[in-house]
Amino acid sequence: MKILVIGGGGREHTLAWKIANDSTNPEVFCAPGNAGTAEVATNLPIGAEDVDALTAWATENRPDLVVVGPEAPLCAGIADRMEAEGLRVFGPRADGARMEGSKEFCKDIMVSAGVPTAACETFSGKDGAMDYVREQGAPIVIKADGLAAGKGVYVCMTEEEAETALNEICLERRYGDSGNRIVVEEFLEGEEASILALVDGDNIVMLSSSQDHKRVFNGDQGPNTGGMGAYSPAPVVTDDLWPVIHDQVLRPTVDELKRRGITYKGVLYAGLMMTADGPKVLEYNCRFGDPETQVVLPRINGDILPLFQACVDGTLSDDLLKWKPEACVCVVMASGGYPGSYEKEKVINGLNEAGALPGVVVFHAGTAEKDGTVVTSGGRVLGVTALGPTLPEAVKQVYAALSQVSFDQAQYRTDIAARALNR
Ligand code: AMP
Ligand code: GLY
């Protein structure tokens, strides 16, 4: 079997690694991949957003399944394009990917479906939005409507901060057309968790819970990033919440999509705030989370391809999924300066030593091979990951592994999973 994974970050290394470990021994290709995917797959020199070139490669080389990692090609309609060529794609078509591509559309689905989420209003310019901010008062949340690479969300503690946010979105146009519309949202308080669900158009299989750490520094300080670490399972998602998240969040969402003629296949990722009034959706994404994937996939006991195939075929069921009892933790090693500007091409040492520790896998994100050595090539460089019999043991092991790895100006958080450990 031939599988094409699209993307080149830590999520895609994890996907390629898990797929390559499938009992059917598939041949895996990754476009564009990184130095880590090169160990488990054949990297293709095609960018993840080059839908034309990816479709051309797949049309010619006929992979049995295409697994799309990032949101951008999904929103650009890569699934539609490839399906038109008779290819099998794990990931929603453009109509379903709008759940992530447009916050306004996503809210509209949630409101129609009665899904608990923050109250909000949408505006097409600064003035209307600012009037509404003054009416509601702070704290308040301002979001650019379209894709903004994980940025474009401002949690504002004062009305002045909200005005600054609106200036950046509407006047400075930092997110380009993604800021043509602005969502102003009620501030929700609580602990966050991610639920990644597989969907086959109708059936839903919820994967284990996880928790991301979005701020760059310890104690959730500093600017937002793509994610500095994660762990799974997340104890904040207590047993009694599972039926609530299924019945009140995911089921009505998929039903509302169906009602509108949208057959959603792939991952539906619910970013949830566990409020005093129960779980509320902060956002939906149309893909696996990064770094949530790094902590959820290693805990799956057995093959992942049958789950992906069942999503495409519309035959998804919980029987296809078994979990390992272990907990998993991932700590992201990032380039100094990230999420601002940073230097590249720093030599990475100790990858083999860290990877040799029991339960440890070092997933690559922003890495490249240069003259036979692995060097940094992005902001988030590595996702050092460990499975352990308990969460405290996994945390201990992941930091033991981190102490083996080094590159110039590396930074990472030393408090990943602290919230769960302190419960
Ligand atoms: P998003 O990209 O929508 O997930 O937003 C990024 C981060 O902003 C989230 O992970 C939350 O930490 C925070 N956030 C988003 N919306 C809200 C909200 N309504 N209330 C409080 N925090 C929020
Ligand atoms: N970890 C956050 C995301 O993947 O959107």
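As shown above, the structure is provided for reference.
Residues numbered from 1 in each chain as written. Chains lettered and ligands numbered in written order. Predicted model: local features only at pLDDT ≥ 70, side-chain atom pairs only at ≥ 80, totals over all residues. Heavy atoms only, no water.

Peer 1: I'd like to hear about the environment of Asp108, residue by residue, with values.
Peer 2: Summarising the element assignment, Asp108 is placed in helix H7 (residues 103–113). Under the relative-accessibility criterion, Asp108 is labelled partly exposed at 38%. (Helix = DSSP H or I, 4+ residues; strand = E, 2+ residues; numbered from the N terminus. Buried < 20%, exposed > 50% of the residue type's maximum accessible area, 1.4 Å probe, protein only.)

Peer 1: So what about a negative patch on the surface? Which residues, and what values?
Peer 2: On the surface, Glu121, Asp127, Asp131 and Glu135 cluster together into a negatively charged patch. In terms of residue count, helix H8 (residues 126–136) provides more of the negative patch than any other element does, 3 residues in total. Locating Asp127 in the fold gives a position in helix H8. (Patch = residues over 30% accessible without salt bridge, like charges linked within 9 Å, V, L, I, M, F, W, Y side chains within 5 Å. Areas by Shrake-Rupley, 256 points an atom, 1.4 Å probe, with all protein chains shown as cover. Salt bridge = Lys/Arg side-chain N within 4 Å of Asp/Glu carboxyl O. Lys, Arg positive; Asp, Glu negative; His and termini not counted. Charge placed at Lys NZ, Arg CZ, Asp CG, Glu CD.)

Peer 1: Tell me about the sheet that holds strand S16 (residues 265–275), and please be specific about residues and values.
Peer 2: What links the strands of a sheet is backbone hydrogen bonding, and the strands pair in either a parallel or an antiparallel sense. Strand order in the open sheet made by the 4 strands is S11-S10-S16-S17, with antiparallel pairing throughout. With one partner strand each, in any of the chains shown, strand S11 (204–206) and strand S17 (278–285) form the two edges of the open sheet. If you compare each strand with its neighbour and ignore which way they point, the axes differ by 35° on average. The pairing of strand S10 (residues 191–200) with S16 spans 10 bridges and is classified as antiparallel. Bridge pairing in S16 links Ser194 to Gly271. Here helix H12 (residues 305–313) sits on the sheet and contacts S10 and S16; the angle it forms with S10, its principal contact strand, is near 65°. (Pairing = 2+ DSSP bridges. Axes fitted to C-alpha atoms, helices over the stretch in contact; angles between N-to-C directions. Contact = heavy atoms within 4.5 Å.)

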